[in-house]
Amino acid sequence: MKTLKDYEFWFVVGSQFLYGPEVLATVASRAEEMAASLNASGKLPCRIVYKTTVKTPEEATDTIKAANFDDKCAGVITWCHTFSPSKMWLNGLKLLQKPYCHLATQYNRSIPDKEIDMDFMNLNQAAHGDREHGFIAARLRTPRKVIAGYWQDDDVQSRLGDWMRVAAGVAFSKSLKVMRFGDNMRNVAVTEGDKVGVQEVLGWQVNTWPVGKLVEYIDAVTDAEVDALMKEYRKLYTVKTKNLDAIRYQAKEEIAMKKLLDEEGCAAYANTFEDLYGMEQLPGLASQRLMAQGYGYGAEGDWKVSAMTAIVKKMSEGQKGGTAFMEDYTYELAKGREYSLGAHMLEVCPTIAAAKPAIEVHPLGIGGKADPARLVFEGRAGKAIVISLVDMGGRLRLIVQDIECVKPIYKMPNLPVARVMWRAMPDLKKGVECWITAGGAHHTTLTYDVTAEQMHDFAAIMGIEFVHITKDTTVKSLEKELFLNDLAWKLRS
Ligand code: MN
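Residues numbered from 1 in each chain as written. Predicted model: local features only at pLDDT ≥ 70, side-chain atom pairs only at ≥ 80, totals over all residues. Heavy atoms only, no water.

Undergrad: Just checking my understanding: could you explain the nonpolar core for this structure?
TA: Within soluble globular proteins, side chains that are nonpolar generally end up buried alongside one another. Core analysis: the biggest nonpolar cluster contains 71 residues, and Phe181, Tyr233 and Leu446 have the highest contact counts within it. Sorting elements by how many residues they give to this core places helix H10 (residues 244-264) first, with nine residues. Excluding anything up to four places from it in sequence, tyrosine 233 contacts Ile247, Gln250, Ala251, Glu254, Leu285, Arg289 and Ile359. Tyr7, Val27, Tyr107 and Phe466 belong to the second-largest nonpolar core, a separate cluster that totals 67 residues. (Core = buried A, V, L, I, M, F, W, Y, C linked by side-chain atoms within 4.5 Å. Buried < 20%, exposed > 50% of the residue type's maximum accessible area, 1.4 Å probe, protein only. Helix = DSSP H or I, 4+ residues; strand = E, 2+ residues; numbered from the N terminus. Contact = heavy atoms within 4.5 Å.)

Pasting the structure below:
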């Protein structure tokens, strides 16, 4: 699996020949300096490479063509130190296939009161040049992120870093392979979808592998491999069961699934309790562990949530909040303390645990297999979002809701699974009404790291519908938005 460090971003600066070679040399050396300084800031997840100063239409087109075909390049960041006539950029931008950010900044923070003259004005005219540059992308309807502000400021660097994470997530999505064990759960609608359509739009290659092949891999795992993993489990988790054999079987499942995923280059998988032929337990601990290592997971054959979870995990690589496959389970509806309780049969990612998880073994009524080992813990408190991608028939809708996670208000000693409790925005009742109105699934990706703005940017780059339920959303405003979106998408297709 590629890491964020494997991607780089091209810093391409706009200018022209009007100002003479000295100005162009200054522009180039300052652009180098800015890229080096941004890389040294520690705010960016990937490296920025100053590529060139574009002065002619040919340079613009050649640079964009090269960016399109460079696998390392996850996006292009442009800026106009001077004026750069945008008809020069038109043919190139029409070809652009990589995420695009327009950094509207300038080299100097302040206007030098005493020194400023017309030479200074000609060299430092980003305010002028960036407007010309912005117009052509607006005219071409090229999706892009515009970030304005001083390049050395924390907020500008953080926003640029956030966008770079999104763009790397887009690159990851375009090459993502999802492994399916078994089909979707019988008769369930929201986990279904057009796999060819999704591959066309988001790049995902979603294919199936027989459960029997996985069973062969499980049977081939050696005792020594299991012993080594058991050591790691004891270090990371509190073992709260005498049934060590159940844990050992999950270790075998983890090793076998990881091997098969890696061999096939898959970074996400889905399985279903309806298709476990030859397996002794539904993977619980095993799936939780693989999610913690960055793999996407979806239960009941939900390959969409699996892929989204893998992408969000990639975007947030190195961040500490955590991202998990989640399911809305049940509500607390007492007045004044209304919450959702999220969990799953087994498979919640331990990266969101508030404290050291415990390995427990309990019976599982569903699936008809042996009692599976699983990690039990409480999710941490804090601001987060839940994400759901649904297939509307002919197009995809990405739904994001702001939530506030709290320490669960009950101990729930007989609940044998990991749990998270949250307040949906704008409040539980309206939040549920909005979510259901938008068609959001019961399965979600819950993340404390990736923001709604980042998911908005992801949807914009991919060209899919985006719906954000915030503290200010009303059912009425949402209904109107969905109605207008329907019209807009009919025009687009
Ligand atoms: Mn489920």
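Right, picking up where we left off after that structure.
Undergrad: How should a nonpolar patch on the surface be read in this particular structure?
TA: A contiguous nonpolar surface patch, about 400 Å² in accessible area, is contributed by Ile111, Ile116, Met118 and Met121. Relative to the assigned elements, methionine 121 resides in helix H4 (residues 118-123). A relative accessible area of 40% means that methionine 121 is categorised as partly exposed. (Patch = residues over 30% accessible without salt bridge, like charges linked within 9 Å, V, L, I, M, F, W, Y side chains within 5 Å. Areas by Shrake-Rupley, 256 points an atom, 1.4 Å probe, with all protein chains shown as cover. Salt bridge = Lys/Arg side-chain N within 4 Å of Asp/Glu carboxyl O.)

Undergrad: In this structure, what is going on with the sheet that holds strand S13 (residues 358-361)? I would like to understand it.
TA: Where strands meet in a sheet, backbone hydrogen bonds hold them as pairs that are either parallel or antiparallel. Strand order in this open sheet of three strands is S8-S13-S14, and the pairing throughout is mixed. A strand with exactly one partner marks an edge of an open sheet, and here the two such strands are strand S8 (238-239) and strand S14 (373-376). Sheet strands in contact with H10 are S8, S13 and S14, and its direction is about 90° off that of S14. In the packing of helix H11 (residues 285-292) onto the sheet, contacts are made with S13 and S14, and the angle to S14 comes to roughly 50°. (Pairing = 2+ DSSP bridges. Axes fitted to C-alpha atoms, helices over the stretch in contact; angles between N-to-C directions.)

Undergrad: Help me understand H11 in this model?
TA: Residue pairs spaced three or four apart in an α-helix point in one direction, given the helix's 3.6 residues per turn. Within H11, seven of the eight residues are buried, which leaves the element mostly enclosed by the surrounding structure. Among the residues of H11, those classed as buried are Leu285, Ala286, Ser287, Gln288, Arg289, Leu290 and Met291.

Undergrad: Sorry if this is basic, but what is going on with the domain arrangement of the chain here?
TA: Interface size is commonly expressed as the accessible surface area that is lost when the partners come together. Under the domain assignment, the chain is made up of domain 1 (4-174) and domain 2 (177-492). For domain 1 and domain 2, the distance between their C-alpha centres works out to 37 Å. Carbon and sulfur atoms make up 62% of the surface buried where domain 1 meets domain 2, a total of about 1600 Å² over both sides. At the boundary of domain 1 and domain 2, one finds three salt bridges. The partner of lysine 145 in a salt bridge is aspartate 457, and the shortest N-O contact between them spans 3.0 Å. In this assembly, domain 1 and domain 2 are joined by nine residue pairs in polar contact (both at pLDDT 80 or more). Residue contributions to the side of domain 1 that touches domain 2 peak at ten residues, all from helix H6 (residues 154-174). Its residues assigned to classes, the side of domain 1 that touches domain 2 comprises seven nonpolar, two polar and five charged. (Domains from an automatic or database assignment. Buried area = accessible area lost by both parts, 1.4 Å probe. Polar contact = N/O pair within 3.5 Å; in protein donor to acceptor, adjacent residues only side chain to side chain. Nonpolar A, V, L, I, M, F, W, Y, C, P; charged D, E, K, R; others polar.)

Undergrad: Explain the sheet that holds strand S7 (residues 205-209) to me, please; I cannot follow it from the model alone.
TA: Ordered by their spatial adjacency, four strands build an open sheet running S7-S6-S9-S10, and the pairing between neighbours is parallel. A strand with exactly one partner marks an edge of an open sheet, and here the two such strands are S7 and strand S10 (296-298). With direction set aside, neighbouring strand axes in the sheet form an average angle of 20°. With three bridges joining them, strand S6 (residues 177-181) and strand S9 (residues 268-270) adopt parallel strand pairing. Within S9, the position partnered with arginine 180 by the bridge is alanine 270. This element, H10, spans S6, S7 and S9 of the sheet and lies at about 135° to S6.

Undergrad: Help me understand the layout of surface pockets in this model?
TA: Put simply, the largest pocket is a space of about 480 Å³. Gln97, Lys98, Pro99, Val170 and Lys174 are, among the 24 residues lining the largest pocket, the residues nearest its centre. Those elements that provide at least two residues to the lining of the largest pocket are strand S3 (73-80), H6 and helix H14 (452-462). For the lining of the largest pocket, the element with the most residues is H6, which contributes four residues. Taken together, the residues that form the lining of the largest pocket break down as 15 nonpolar, four polar and five charged. Residues from two domains meet in the lining of the largest pocket; each of domain 1 (4-174) and domain 2 (177-492) gives at least three. (1 Å grid on protein atoms, 1.4 Å probe; cavity = no way out; pocket = protein on both sides within 12 Å on 5 of 7 lines; lining within 4 Å. Points joined across faces, edges and corners; volume = space filled by probe spheres on them.)

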